[in-house]
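# Results of the structural survey
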Amino acid sequence: MRQEKKRCERRRPDDPMTDREKKRAELKISGMHCATCAVNIEKSLALPGRAESADVNFGTDTARVEYDPSATTLADLEKAVRDAGYEVIHEEATIKVGGMVCATCVETIETALKALPGVLDVKVNLATEKAHVIYNGSLTTLEEMRNAIEEAGYQYLGLAGQLSLEAEEKARQRDLDDKFRRFVVGFAVSIPLFVLMYVPLPISMHQLSYLILVVSTPVFIYVAYPIFRAARMALHNRTLNMDVMYAMGTGVSYVSSLFGTLGIVLSHEFMFYDTAIMLASFLMLGRYLEARAKGRTSTAIKALIGLRPSTATVVEGDAEREIPLEDVMVGNILRVRPGGKIPVDGVVTAGESYIDESMITGEPIHLLKAQGAPVVAGTLNTNSILTLRAERVGKDTVLAHIIQLVEDAQGGKPPVQRIADVAVSYFIPSVLSIAIISFLIWYLVLGSTLLFALTTVVSILFVACPCALGLATPTAVTVGVGRAAELGILIRNGETLEVADGVNSVVFDKTGTLTKGEPAVTDVIPLGISASTLISIAAALEKNSQHPLAMAVVKKAHENGMEAGEAEGFDTHGGKGVSGRVLGESVLIGNRLFQREKGIIIGSDAESAIQGLENEGKTVVLVSVAGTLAGIFGIADTLKATSSAAVENLKAMGMNVAMITGDNRRTAGVIGKNLGIERVIAEVLPAEKSEEVKRLQETGNVVAFVGDGINDAPALARADVGLAIGGGTDIAIESGDIVLVRDDLLDAVAALQISKKVMSRIRQNIFWAFAYNAALIPLAAGVLYPLIGYTLRPELAALAMALSSVTVITLSLSLKRYIPPARRYRSGEV
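Now for a quick tour of the structure. The structure displayed is predicted, hence computed values, not measured ones. Along each chain, residue indices are assigned from 1 in the same order as the chain's sequence is written. Given that this is a predicted model, residues contribute local features only at a pLDDT of at least 70 and side-chain atom pairs are listed and counted only at 80 or more, while totals for whole chains, interfaces and linings are drawn from all residues. Here the side-chain values reflect all heavy atoms present in the structure, with hydrogen atoms and water set aside.

## Considering the overall build of the chain
From N to C terminus, the chain includes 29 helices and 30 strands. Here the term buried applies to any residue with accessible area under 20% of the maximum for its type, exposed to any over 50%, and partly exposed to those in between, with areas from a 1.4 Å probe on protein chains only. Taken across its 830 residues, the chain has 52% of its residues classed as buried. A separation of at least 24 residues holds for 69% of the contacts in the chain among residues at least 6 apart in sequence. Surface summary for the chain: the accessible area is close to 36,100 Å², and the carbon and sulfur share equals 57%. Under the DSSP-based scheme used, a helix requires at least four consecutive residues in state H or I and a strand at least two consecutive residues in state E, with every element numbered from the N terminus. Residue contacts are counted whenever heavy atoms from the two residues lie within 4.5 Å of one another. Accessible areas in this description were obtained via Shrake-Rupley with a 1.4 Å probe; residue shielding takes into account the shown protein chains only.

## Digging into a nonpolar patch on the surface
On the surface, Ile-436, Ile-437, Leu-440, Ile-441, Tyr-443, Leu-444, Val-445 and Leu-446 cluster together into a nonpolar patch covering about 780 Å² of accessible area. You can call Leu-440 partly exposed: its relative accessible area is 38%. Patches were defined on residues exceeding 30% relative accessible area and lacking a salt bridge, with like-charge contacts within 9 Å and nonpolar side-chain contacts (Val, Leu, Ile, Met, Phe, Trp, Tyr) within 5 Å. A side-chain nitrogen of Lys or Arg and a carboxyl oxygen of Asp or Glu constitute a salt bridge if their distance falls within 4 Å.

## Digging into the sheet that holds strand S4 (residues 87-89)
We treat two strands as partners when DSSP finds at least two bridges between them. Here 4 strands make up an open sheet; going across it, the order is S2-S3-S1-S4 and the pairing antiparallel. Edge positions in the sheet fall to strand S2 (53-57) and S4, since each has one partner strand and no second. Shown here is a sheet whose adjacent strand axes are inclined to one another by a mean of 35°, direction ignored. The pairing of S2 with strand S3 (residues 62-67) spans 5 bridges and is classified as antiparallel. Bridged to Ser-53 within S3 is Glu-66. Here the axes come from fitting lines to C-alpha atoms, over the contacting stretch only for helices, and the angles between their N-to-C directions go from 0 to 180 degrees. Its contacts with the sheet put helix H2 (residues 35-45) on strand S1 (23-30), S2 and S3, and the angle it makes with S2 is roughly 160°.

## Description of helix H24 (residues 689-698)
Those residues of H24 that sit buried are Lys-689, Ser-690, Glu-692, Val-693, Leu-696 and Gln-697. Down the axis of H24, the buried set is contained in an arc of 160°. They therefore lie on one face. The inward-facing, buried residues of H24 abut strand S19 (505-509), strand S26 (656-660), strand S27 (679-681), strand S28 (703-707) and helix H25 (713-718). The first or second residue beyond H24 is Gly-700, which carries a positive phi of 95°. The arc under discussion is defined with respect to the helix axis, by the directions toward the C-beta atoms.

## Some details on the pattern of salt bridges
Close approach of charged atoms lets side chains of opposite charge pair. All told, the structure shown has 34 salt bridges when counted by the stated rule. Close ionic contact of Asp-121 with Lys-123 constitutes a salt bridge, the shortest N to O distance being 2.6 Å. For Lys-123, a relative accessible area of 52% puts it in the exposed group. A salt bridge links Arg-389 to Glu-391; the shortest N-O distance between them is 2.9 Å. Members of the salt-bridge network, linked through shared partners, are Arg-592, Arg-596, Glu-607 and Glu-614.

## Examining the packing of aromatic side chains
Here a ring pair, both rings aromatic, is described through the centre-centre distance and the interplanar angle of the planes. Side-chain rings of Phe, Tyr and Trp (the six-membered ring for Trp) are treated as a pair once their centres are within 6.5 Å; stacked means planes under 30 degrees apart, edge-to-face means over 60, and tilted covers the remaining angles. Summed over all chains, the structure comprises 14 aromatic pairs. On the numbers, 5.1 Å between centres and 75° between planes, the contact of Phe-187 with Phe-282 is edge-to-face. Residue Phe-187 is located in helix H6 (residues 164-196), and its partner Phe-282 is located in helix H9 (residues 273-296); the two are separated by 95 residues in the primary sequence. Of the residues examined, Phe-187 reaches a relative accessible area of 17% and is grouped as buried. Exposure remark for Phe-282: the relative accessible area of 12% places this residue in the buried category. Ring geometry for Phe-439 and Tyr-443: centres 5.6 Å apart, planes at 25°, overall stacked. Of the two residues, Phe-439 and Tyr-443 both sit in helix H13 (residues 417-445), 4 residues apart, roughly one turn of that helix. Cluster of aromatic residues (ring-pair linked, three or more members): Phe-180, Phe-183, Phe-187, Phe-282 and Tyr-288.

## Some points on the nonpolar core
Core analysis: the biggest nonpolar cluster contains 161 residues, and Met-32, Ile-41, Leu-45, Val-463, Ile-489, Val-506 and Phe-508 have the highest contact counts within it. Take this core: its biggest share by element is 18 residues, from helix H26 (residues 746-781). Excluding anything up to four places from it in sequence, Val-463 contacts Tyr-772, Asn-773, Leu-776, Ile-777, Ala-780, Leu-792, Ala-797, Ala-800 and Met-801. One finds Ala-539, Met-562, Ala-564 and Ala-630 within the second-largest nonpolar core, a separate group that totals 24 residues. We define the nonpolar core as a collection of buried residues of types Ala, Val, Leu, Ile, Met, Phe, Trp, Tyr and Cys that are connected through side-chain atoms lying within 4.5 Å of one another.

## A short note on the pairing of S28
For a regular strand, the rule is simple: side chains alternate between the two faces of the sheet. With 5 of its 5 residues buried, S28 lies for the most part within the structure. Pairing analysis gives 4 bridges linking S28 to strand S29 (residues 721-725), with the strands arranged parallel. Paired with Phe-705 across the two strands is Gly-722, which belongs to S29.

See below:
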């Protein structure tokens with residue numbers, strides 16, 4: 001089942017099994033402030049004739065919808081969101097258009113752009129030659145707009161300004177400013193009113209009540225207006241949300257005060273004007289703090305987006321011209337000066353400079369890039385001018401893929417979220433029932449005053465808070481996935497986090513994962529000559545061969561600072577070895593059989609050394625000079641620097657560690673022994689690796705497979721969690737559930753540790769949200785009043801409600817500072 005589910009998730013949109021008639025869109029929503037808001041939007045979108053499916057994420061303020069374009073439009077879906085009482089934030093772009101001469105041109109361009117899916121409004125200005133487009137970026141792109149304009153017979157002259165991120169930030173800031181003003185005004189009036197109730201004044205209570213009515217009414221309307229507006233929209237859509245409860249609470253306080261002032265049914269002791277305003281103010285304060293903290297959960301994705309420069313310098317002959325980034329085409333020659341960001345993925349054509357790739361890989365060491373070296377968008381040129389050819393632009397760049405992957409992961413819901421979703425769906429009816437029952441028991445059964453019974457109702461309505469439940473999972477996922485991306489660990493979706501949390505077995509591919517994937521000289525045993533002379537002679541002959549073992553010998557010479565000399569009469573001998581003359585002497589290099597065929601005597605000491613190297617799983621290469629054995633090389637695929645540390649860390653976490661390889665059992669056994677891996681599965685063909693993973697799963701293990709993402713694709717897909725090792729910025733984004741940007745196995749450990757940390761934080765958040773409501777709702781209902789004479793005042797209930805959501809978000813935000821133990825191990829802190 002796991003495997004089938006994973007295959008479904010990874011199916012491309014153009015897969016034959018995918019319904020071609022359906023479209024998917026993502027809507028950015030403003031105005032959500034509790035988990036029931038998300039439920040209400042989903043209900044509104046799910047009404048007949050609208051979306052076929054909708055997934056609203058309160059933590060990221062987004063709604064992902066799937067709909068049939070023949071039955072509904074994007075405008076209908078946005079109307080559904082607005083009908084529920086919320087707003088949709090659009091992306092905006094101002095495009096410069098050439099070739100317009102009359103009003104008909106304006107109409108033609110507007111018609112062409114409006115025909116694109118996701119374009120909501122177009123206004124073309126003939127005088128300024130600009131088209132202002134409001135669109136949904138998940139359905140259409142600037143490239144498609146460019147094509148539409150050019151196909152209509154006009155020139156696309158670039159982007160005057162793209163306002164997507166700016167528009168979102170402005171909308172968020174406007175919302176924050178509005179909430180700030182409302183709670184400041186509310187407290188500025190309610191606190192003096194509260195004091196006024198206890199200060200002796202030279203006027204009667206009757207006169208005072210009318211004075212307070214006049215002062216408090218406009219303030220109450222101003223502060224509480226968003227609450228009552230949202231409640232009205234919810235009731236209009238026949239749904240219940242927290243605004244309905246809060247409107248009831250503040251409404252009861254204000255209306256009872258009004259009745260007391262006018263002497264209708266109630267007396268002057270029902271003077272709650274200050275309480276009504278204070279309740280609304282606390283609510284605005286809580287939503288302000290919540291919105292402000294929630295905005296910080298997505299700083300990682302904003303930082304990634306901020307890596308993209310807005311312009312690029314294109315080279316045209318001897319001239320340079322600065323153009324908008326969106327206008328860069330594949331094949332353009334670009335120039336990047338010191339301190340500038342690489343605008344697109346490309347290849348260096350001239351110049352040499354050190355590039356800081358830490359923003360992508362997390363690796364602080366700058367890399368030297370010269371002619372022919374690849375560079376990626378968003379990285380920083382540090383010290384010299386580079387000229388490069390654009391290879392991948394726009395959404396095809398590595399940075400764009402990373403941003404998309406992180407956005408998708410942050411928008412997903414791990415299965416644990418279902419607990420909160422179920423709880424939220426029953427929450428408001430349950431709280432309303434408790435409030436009504438509490439009132440009836442206190443007033444009718446226990447005979448308390450109407451004032452006390454109403455106070456318990458208001459306290460219950462305000463202290464109840466499903467928002468903390470709704471925020472528990474999405475905020476932790478958003479921050480955790482963003483933090484992982486900062487560390488060079490790309491997590492595909494929320495479900496991966498939850499599955500990774502349960503992993504108990506980790507299987508490593510050997511070649512290219514635990515080892516470097518290329519042979520290297522590990523042992524040099526000279527016989528009768530110096531080691532340097534042996535290496536120099538062997539390299540002079542071997543540099544004429546392309547065999548991997550020969551290349552390892554030449555590399556050894558370079559590592560020792562030697563220049564390989566010249567050889568004469570080079571010849572190969574059927575895969576057994578090579579021969580030639582170096583410095584006038586006959587030289588033979590090859591295996592034991594080759595040497596013996598040429599009459600070379602191998603003494604007992606040499607035989608013993610050969611046997612020892614072979615027992616260690618190494619390939620032995622013999623060198624003879626002038627008919628005498630002159631030395632022995634031991635060659636093997638060497639371990640990566642962090643392989644042993646990764647295995648050690650995993651064992652410390654209680655993981656079962658296994659290694660799988662196509663190598664022979666002796667070589668594999670030696671590698672496994674060196675790493676401390678007891679379970680070694682050898683002589684396995686690449687296609688059979690997934691079957692070995694399946695066997696482990698059938699014994700009850702939750703398996704993570706770590707491979708290179710190319711040769712190990714079937715095993716990565718079969719595993720419960722596939723971790724694909726990347727090679728710096730040269731990574732295959734689609735290759736695993738978790739993609740490790742750096743070629744560092746400690747990051748595989750760090751990925752599992754981050755998953756466990758995020759899931760632990762989600763469980764803490766959910767526990768806190770349940771515990772908060774379980775403790776304070778009974779307290780607000782007055783269960784302790786008969787014992788100690790205390791019940792929760794409405795003002796304190798509102799304050800507690802405000803702090804509950806902020807507490808959950810703050811707990812999630814602490815993940816921004818999390819450093820996995822494997823990372824601290826790598827830096828030598830542990």
